[in-house]
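Tertiary structure, described
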Amino acid sequence: NILCLKMSNRVFKILINSSWSTRLVVRYQSGKCVSDVTCWRCNKEISLSSDEVMFTCPCDRKVLLPPITKNYFLIMGCEQSYEVNIDLIKKRYHELQVLLHPDKYTIKSKLEQEFAVEHSSLVNKAYSTLSNPYNRGLYMLKLRSFTIDEK
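Section: the overall build of the protein chain
Counting its secondary structure elements, the protein chain contains four helices and seven strands. In the protein chain, the order of α-helices and β-strands from amino to carboxyl end is β-β-β-β-β-β-β-α-α-α-α. Split into buried and exposed, the 151 residues of the protein chain put 36% on the buried side. Within the protein chain, residue pairs in contact and separated by at least 24 positions form 40% of the contacts whose partners lie at least 6 positions apart. Accessible surface, the protein chain: about 9,500 Å² in total, of which carbon and sulfur atoms supply 53%.

Okay, here's the thing in structure tokens:
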């Protein structure tokens, strides 16, 4: 379910997914997009600016949060530039797969299993996109709202 409110030229989106039992609020503060997510286990509210990435709750580094950041450069921990260090991307990919791979969550709650699948899929897409120069270039154009017809 998505509820959008418009107040004083600022758009606030409140996203509630009943299967997640969590809440995500996207707001604008000082010209930056800020996401507030409530941990489904400890109910702690966590605020992340649009240039931050967090996969687990600070209350317990083993509790997965829903995917918030979708920017591949942020996920892979590199600058948003065409020139990237492929070795660093590879290293980050392996670190994230150790943390987020769905096989690690087979005995966890259904919710954490879902988050693990979503995170792992996002990390796979980020890695395959950024490690390929052509796909990286297309992705950078997409981030800037440019599209290219690939016929």
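Digging into the packing of helix 3 (residues 110-130) against helix 4 (residues 133-143)
Close contact between helix 3 and helix 4 brings their axes to 6 Å; oriented N to C, the two are set at 110 degrees. When the axes of helix 3 and helix 4 are compared, the pair comes out roughly perpendicular. Between helix 3 and helix 4, the residues in contact are Ser128, Thr129 and Leu130 and Asn135, Arg136 and Tyr139, respectively. By residue class, the composition of the contact of helix 3 with helix 4 is two nonpolar, three polar and one charged.

With respect to the pattern of salt bridges
Across all of its chains, the model carries one salt bridge by this definition. The residue Glu95 makes a salt bridge to Lys91 at a minimum N-O spacing of 3.9 Å. Residue Glu95 and its partner Lys91 are located together in helix 2 (residues 86-100), separated by four residues, close to a single helical turn. Overall, Glu95 belongs to the partly exposed group, its relative accessible area being 40%. Taking the relative accessible area as the measure of exposure, Lys91 reaches 51% and is therefore exposed.

Considering the environment of Ile86
Along the polypeptide, Ile86 turns up in helix 2. Owing to a relative accessible area of 29%, Ile86 belongs among the partly exposed residues under this scheme. Each C-alpha atom of the pair Ile86 and Ser131 lies 6.1 Å from the other, and the pair is 45 residues apart in sequence. With sequence-adjacent residues up to four places away left out, Ile86 is seen in contact with Leu130, Ser131 and Arg136.

About the criteria used
Residues numbered from 1 in each chain as written. Predicted model: local features only at pLDDT ≥ 70, side-chain atom pairs only at ≥ 80, totals over all residues. Heavy atoms only, no water. Helix = DSSP H or I, 4+ residues; strand = E, 2+ residues; numbered from the N terminus. Buried < 20%, exposed > 50% of the residue type's maximum accessible area, 1.4 Å probe, protein only. Contact = heavy atoms within 4.5 Å. Areas by Shrake-Rupley, 256 points an atom, 1.4 Å probe, with all protein chains shown as cover. Axes fitted to C-alpha atoms, helices over the stretch in contact; angles between N-to-C directions. Parallel < 35°, antiparallel > 145°, perpendicular 65-115°, else oblique. Nonpolar A, V, L, I, M, F, W, Y, C, P; charged D, E, K, R; others polar. Salt bridge = Lys/Arg side-chain N within 4 Å of Asp/Glu carboxyl O.

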